[in-house]
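# Structural characterization, general
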Amino acid sequence: MSETTLPAAVHEHRTRAARLLDVITTTNHKTIGLLYIWASLVFFLAGGLMAELMRTELATPALNLVSRQTYNELFTIHGTTMIFLFIAPIGLGFGNYLVPLQIGAPDMAFPRLNALSVWLFILGGVTILSSFGASHGAAAVGWTAYAPLSGATGSPGPGMDMWIMGVLLTSIASIMTAVNLMATVFMLRAPGMTMWRMSLFTWNILITSILILVAFPPLAAAVSMLFIDRHFQGHFFDPSHGGSVILYQHLFWFFGHPEVYVMVLPWFGVVTDIIPVFSRKPIFGYAGFVLASLAIAGLSMSVWAHHMFTTGLVDNAFFSIMSFLIAVPTGIKFFNWIGTMWRGKLTFETPMLFCLGFMANFLIGGITGVMLASAPADYDFQDTYFVVAHMHYVLGGGSLFAIFAAFFFWFPKMTGFRLNERLGKAFFWITEIGFNLTFWPLFISGLRGMQRRVAEYPPGIYTTPNQLSTLGAYVMAVGVIVFLVCVVQAFRKKIPAGDDPWGGYTLEWVTTSPPPEHNFEWLPPIRSERPAFDWRHRETGPGTPAEVGVGPPVVST
Amino acid sequence: MPIIRAGERRTGRASGGPGCGTRAATSAAIAVIALIGMPACTFGMPRGATVQGRHISSLYQLLFWFAIPIGGLVYGLMLWSILRYRRRKNDDGSLPKQTRYHLPLEITYTAIPVVIVLVLFGFTISTMAKVDKVSPNAAATVDVTGFRWQWRFDYPGYAFSIVGVGGTPSSGPTLVLPTGGTVHITLRAADVIHSFFVPDFNFKRDAIPGVTNQFDLTIPDAGVFRGECAELCGIDHSDMTFFIRAVAPAQFRAWLQDHRGQGVIQESP
Amino acid sequence: MRTSIGYWGYVCVFGFVVGAIYWFLTYEPAGTLLLIFMGLCGLVISGYLFVRARSLSLPEDDREGTFEDAAGVPIGRFSAGSVWPVLMGLGIALGLQGFIFGRWLLVAGGVLFVWATIGLMQESRG
């Protein structure tokens, strides 16, 4: 182990085996971040394949491809994979890579803990996906795994247990990463990098870490209690022995709702880092954005039972008002983004296109979320495809698009190579069209009354929306193929990207692409949330532009 | 090269679009159509075959009517920014004004949404009170039990129950109810969580082991309405279809008498 | 450090206040306890930071700080690479599978975990 100095990068010739060993024993946040990102993308492809199988099955009312049991396993593992093995960890992966760079640190606070967390994540994912091969098959209870269906009688066999252990492993990994990220932001910022000068991606990752720390333990508790019920004669969720079925739902959703914000807050941050660059303006309302993120974090802990409105066992009014309120800080962010673009000079490279697509799609998801917040309306929507459509608009149309925005924006920094702009734009348009074609019809089938988690449905009013949706799913698959071609081509052609291909604002653009082992040979003075921008304009302007705005400075940088 | 070039070749008019007169007439036409159409459009949700369901449908329409201008405003602002503020080909490379904040605007766009959601919450609470209200005088009471994978309907006091056997996504047992008065349902689950969902009523309630849920339905007009289970309960979750047949009160009483004392009646497709 | 104490303090206050409101509205124990414990979590972290770190003057919080200010100050130990994390990860993963597939796996995982813990500690000392 070495004290931190800043050695020059050393490029030796390494054999394949040696490089593999390097990766397995790495403790460098950049390598670990890349492991998170690449592993998450592989899991995304697996989850996407499951989705294509499901959509094919749903193209006709009767069974046409898989059995009911297999279909139930597919939607369970699809949801589990996309949530636990893709959207949440890829956010932590980008956080791992970028946060130390954006705050001017040489690495994360606990590098070996960081390495442990990525291996636990990967092993957790392997556990979940290999549960398809268990006797009795994989878990078939939905990603929510409600008791008693997930109990010993409802779900016999090791598949359900492997789901539990896989979820536990990824939960431990997430908690470790959250602790690491918070300690890093507390203690390893570069001189002059006050909290209120951090990039908004870093701020949102920090707030995500708070949520992870508070939300994941109840999940770990819920699935452990489930395991005890299953194997150690527990009766936590067994009403015939004094237990409570609804207790599982309280514990699960106390985790589950903050989890969806864990899956969206980093991407709000990504979009907020990218839009200003391509608008040639600073973010509008930095302080408001941070306060809104904090409000979202707090409120997200008090809305959990809006997933339980139809149980008749919770105070619908309390959860309804809280769920309505959480729409407000989310809406504020839209005004941050629009205010940034307003009177700017916009260009539409691929990352910006994905950010705009994110906004357009997330708005629909958000508005339908407000509809779902109204408890009596939810008596109709709950457990129908209306909810499926809503959640895919926020997670698919929202987070997924922002993930691709992040990928296209930071790939040059991480690899040193450029991605083809033409293919990127084609990928965007194919995905935007395919996505909306897939999920808009599901609002319609949901309003007509089609329930979730069924492989077969009665012929008639549900058929046409389902067929359109399946067509859209195939279009999205074409988009993913274009994306893969784009990535492979970038590694083949190796067109150098340079240190700063976009004119970026934050510290990572000051160093090389890819950065050296301990990130920075040198740092400019940090006087605002745009240190790279300020450095580039140090000759032309009066130093950092004075606070330009109306009203007293809310937070002086 | 920016992909979005719409608007670059607009008409040469100074106002950049159709003239004021045409614009006013178009807006007026849209407003008139909207006002006329307003009561008629249910935006995809069934109108509601119960009194409670109609309240829910009205609430949903209201939510939708709020969503249209809000969504329209945000999309409009986005579209305007994309079209009006994109970098031109002959750009001189200067920086636009680097506005970082505008406190009055930020406070406004925080306060107005809070007011809007409080209004929506008010409508929500009043609708919920109407839908969840359980009346002390029910014209009929049925005990419903969900089990893997069908339903059982008990008519207390008449010593018979109807049990579905071997349903499919399209067929299942029939729950007969009277129109006009308040029908009281008690809902239980025998094994895992199920959910009693009738799309035409815009309503569902979960059946949870260890819990008895209660709700009222008031069905004004006769008809047949399909129901399904809306909580994943295992492999044949999609087979838990049932039908509600609402008939006039006199017919209902006659039907009850016909079946009185018959014990468990199995209904299979 | 004030900002960090601030937002953990916010978590603390939010948990306690909303937990109290929730209790008196619903008398529902699970959610109340979860909210109260969230408040306790915030209390522990903000309390610790307040007591120990409030007066800590970090170069990063110096608004006029420069890169040169931190020159030569050791800020941590960043290992070049370590085999123990992956071994510990394997130990934990295999151990958990032992609950499903058999006690022998639990033992194997446990051994690996202990070995990796010792390795990590020795590495920290060295």
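Below: a short report on this structure. All of these numbers come straight from a predicted model, not from anything done at the bench. (Residues numbered from 1 in each chain as written. Chains lettered and ligands numbered in written order. Predicted model: local features only at pLDDT ≥ 70, side-chain atom pairs only at ≥ 80, totals over all residues. Heavy atoms only, no water.)

### Overview of the interface of chain A and chain B
Convention followed: Residue contacts are counted whenever heavy atoms from the two residues lie within 4.5 Å of one another. We define buried area as the total accessible area lost by two parts upon association, computed with a 1.4 Å probe and summed across both. By convention in these notes, a salt bridge is any Lys or Arg side-chain nitrogen within 4 Å of a carboxyl oxygen on Asp or Glu. A 3.5 Å cut-off defines polar contacts: any pair of N or O atoms within that distance qualifies, except that in protein one atom must be a possible hydrogen donor and the other a possible acceptor, and neighbouring residues in sequence count only when both atoms are side-chain atoms. Numbering of helices and strands starts at the N terminus; helices are DSSP runs of H or I of at least 4 residues and strands are runs of E of at least 2. Side-chain classes follow a simple rule in which Ala, Val, Leu, Ile, Met, Phe, Trp, Tyr, Cys and Pro form the nonpolar group, Asp, Glu, Lys and Arg form the charged group, and the remainder, Gly included, forms the polar group.
Counting residues at the interface gives 97 residues for chain A and 84 residues for chain B. Both faces considered, chain A and chain B share a buried interface measuring about 7,800 Å² in area, 68% of it formed by carbon and sulfur atoms. Scanning the region where chain A abuts chain B turns up 5 salt bridges. The partner of B:Arg100 in a salt bridge is A:Glu529, and the shortest N-O contact between them spans 2.4 Å. Across the contact surface, chain A and chain B share 22 residue pairs in polar contact (both at pLDDT 80 or more). The element contributing the most residues to the side of chain A that touches chain B is helix H12 (residues 350-373) of chain A, with 8 residues. Partitioned by chemical class, the residues of the side of chain A that touches chain B number 55 nonpolar, 26 polar and 16 charged.

### Considering a positive patch on the surface
Convention followed: Only residues whose relative accessible area exceeds 30% and that form no salt bridge are eligible for patches; like-charged ones are grouped when within 9 Å, while nonpolar side chains (Val, Leu, Ile, Met, Phe, Trp, Tyr) are grouped when within 5 Å. The Shrake-Rupley method, run with a 1.4 Å probe sphere, supplies the accessible areas, and residue values consider only the shown protein chains as cover. Note on charges: Lys and Arg go in the positive column, Asp and Glu in the negative column, and His and the chain ends are not counted at all. Positions of charges follow a simple convention, taking NZ of Lys, CZ of Arg, CG of Asp or CD of Glu.
On the surface, A:Arg343, B:Arg84, B:Arg88 and B:Lys97 cluster together into a positively charged patch. Tracing the backbone through its elements, the reader meets B:Lys97 in the loop between helix H2 (51-84) and strand S1 (101-102).

### Some words on the pairing of strand S10 (residues 223-229) of chain B
Residue and element names in this part refer to chain B. Note the following rule: Relative accessible area decides the class of each residue, using a 1.4 Å probe on protein chains only: under 20% of the type maximum gives buried, over 50% gives exposed, and in between gives partly exposed. Pairs of strands are assigned from DSSP output, requiring at least two bridges between the strands.
Among the 7 residues that make up S10, 5 are buried, leaving the element largely enclosed by the rest of the structure. Looking at chain direction, strand S7 (residues 194-198) and S10 are connected through 2 bridges and run antiparallel. Within S10, the position partnered with Phe-196 by the bridge is Cys-229. Bridge count between S10 and strand S11 (residues 242-247): 5 bridges; the pairing is antiparallel. Bridge pairing in S11 places Gly-223 opposite Ala-246.

### What to know about the interface of chain A and chain C
Each partner contributes residues to the interface: chain A has 68 residues there, and chain C has 58 residues. A combined buried area of about 5,500 Å² lies between chain A and chain C, and 73% of that area is made up of carbon and sulfur atoms. Our enumeration of links across chain A and chain C arrives at 1 salt bridge. In this structure, C:Glu123 and A:Arg112 form a salt bridge, with 2.7 Å as the shortest nitrogen-oxygen distance. At the junction of chain A with chain C, the criterion picks out 7 residue pairs in polar contact (both at pLDDT 80 or more). No other element matches the 9 residues that helix H5 (residues 158-187) of chain A contributes to the side of chain A that touches chain C. Looking at side-chain class alone, the side of chain A that touches chain C contains 46 nonpolar, 13 polar and 9 charged residues.

### Side note on unusual backbone geometry
All names here are of chain A. Put simply, Ser-513 and Pro-514 share a cis peptide bond, and its omega is -10°. For Pro-514, the location among the structural elements is in the loop between helix H16 (463-493) and helix H17 (531-536). If you check the backbone angles, Arg-343 has positive phi at about 60° while not being a glycine. Checked against the element boundaries, Arg-343 lands in the loop between helix H11 (327-341) and H12. Given a relative accessible area of 57%, Arg-343 falls into the exposed group.

### Re the environment of B:Phe121
Tracing the backbone through its elements, the reader meets B:Phe121 in helix H3 (residues 103-132). Leave out the neighbours within four places in its chain, and B:Phe121 touches A:Ala317, A:Ser320, A:Ile321 and A:Phe324.

### Regarding the packing of aromatic side chains
All names here are of chain B. This is how it is decided: Aromatic rings from Phe, Tyr and Trp, taking only the six-membered ring of Trp, are treated as a pair when their centres fall within 6.5 Å; an angle between ring planes under 30 degrees marks them as stacked, one over 60 as edge-to-face, and anything in between as tilted.
Applying the stated rule across the entire model yields 98 aromatic pairs over all chains. A ring pair is formed by Phe-43 and Trp-65, whose centres lie 5.6 Å apart and whose planes are at 75°; its orientation type is edge-to-face. Of this pair, Phe-43 sits in the loop between helix H1 (20-37) and H2 while Trp-65 sits in helix H2, and the two are 22 residues apart along the sequence. Among the residues examined, Trp-65 registers a relative accessible area of 25% and is labelled partly exposed.

### Focus on a nonpolar patch on the surface
A surface patch of nonpolar side chains, about 410 Å² in accessible area, is lined by A:Ile228, A:Phe232, A:Phe236, C:Phe99 and C:Leu106. Tracing the backbone shows A:Ile228 in helix H6 (residues 200-231). For A:Ile228, a relative accessible area of 32% gives the class partly exposed.

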